[in-house]
Amino acid sequence: MFTGIIEELGTIQSIQKQNPTTQLTIKASKIIEDMHIGDSISVNGTCLTVTEFDDSAFKVDVILGTENKTYLGQLKAGDQVNLERALLATARLGGHFVQGHVDGTGQILHVKQSQNEWIYTIKASSNILSQMIARGSIAVDGISLTVFSKNTNAFEIHLIPETRRQTTLASKGQGDLVHLETDMLFKYVSASMENNESLTMEDLLKAGF
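Everything in this summary refers to the structure shown in the same document. Only a predicted model underlies this, so the values are computations on that prediction, with no experimental measurement involved.

**Here's the deal with the pairing of strand E3 (residues 40-43)**
Then, number 1: As defined by bridge partners, E3 adjoins strand E4 (residues 46-53) across four bridges and the pair is classed as antiparallel. Across the sheet, isoleucine 41 pairs through a bridge with leucine 48, a residue of E4.
Then, number 2: Where E3 hands over to E4, the hairpin turn is made up of two residues, of which asparagine 44 adopts a positive phi near 50°.
Then, number 3: For E3 and strand E6 (residues 80-85), the ladder comprises three bridges, and the chain directions are antiparallel. If you follow valine 43 over to E6, its bridge partner there is leucine 83.

**Considerations on the sheet that holds strand E8 (residues 118-123)**
Paired through their backbone hydrogen bonds, the strands of a sheet run either parallel or antiparallel.
Then, number 1: The six strands are arranged E7-E8-E11-E10-E9-E12 in a closed barrel whose pairing can be described as antiparallel. Adjacent strand axes in the sheet meet at a mean angle of 45° when their direction is disregarded.
Then, number 2: Here three bridges tie strand E10 (residues 143-150) to strand E11 (residues 154-159), and the two strands are oriented antiparallel to one another. Bridge pairing links serine 149 to glutamate 156 in E11.

**What to know about the pairing of strand E1 (residues 8-18)**
Then, number 1: Looking at chain direction, E1 and E6 are connected through four bridges and run antiparallel. The residue of E6 that forms the bridge with threonine 11 is glutamine 80.
Then, number 2: As defined by bridge partners, E1 adjoins strand E2 (residues 21-27) across seven bridges and the pair is classed as antiparallel. Looking at the pairing, lysine 17 lines up with threonine 22 of E2.
Then, number 3: Taken together, E1 and the strand that follows it, E2, pair antiparallel across an intervening segment of two residues.

**Let's talk about the side chain of aspartate 183**
Then, number 1: Tracing the chain through its elements places aspartate 183 in the loop between strand E12 (177-182) and helix H4 (184-194).
Then, number 2: Beyond its immediate stretch of four places on either side in the chain, aspartate 183 contacts His96 and Ser137.

Basis of the calculations
Residues numbered from 1 in each chain as written. Predicted model: local features only at pLDDT ≥ 70, side-chain atom pairs only at ≥ 80, totals over all residues. Heavy atoms only, no water. Pairing = 2+ DSSP bridges. Helix = DSSP H or I, 4+ residues; strand = E, 2+ residues; numbered from the N terminus. Axes fitted to C-alpha atoms, helices over the stretch in contact; angles between N-to-C directions. Contact = heavy atoms within 4.5 Å.

Set out below in structure tokens:
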């Protein structure tokens, strides 16, 4: 479980194909301070497991199923990625509950700068858009953000300069892909309604809310 608050920008050091997996070596500093083998790390919003690490970099394996659902297979050496360690039970929840299970990719249609914010319009599938509500939560490349508005084929997010500067969205523009994960609570409520089930406080507590 993650919060969508990016801790550090890492850099892809190398990519090694090891069919049927792909090994990524990612240069980092802050998140390595208390790293252990088997730790879960959100890499651009995708939950991956640490297999090796030293004092300057760590390795993760991307399985074929994950590669097919994300754009991780398109990354190259030198690319930056958003990094976040798994949430500690004692930590403040600054964003929202993010599982690191990418629902699909979106494509940036355009980016507009206003006086004190950056507005990104992102195209998404109807299935993903149906799981969004205005002012609801969305994880974009692992970043906890708010859906400002949406229409039949796209939605808008608004970034303050600091969020943009501290994440990979600073280097992304029209045509670039982003990972999308819709709000977990919305999914639970939607599934319960489809099955004509009532959602109790106990259900929410079991889900981690």
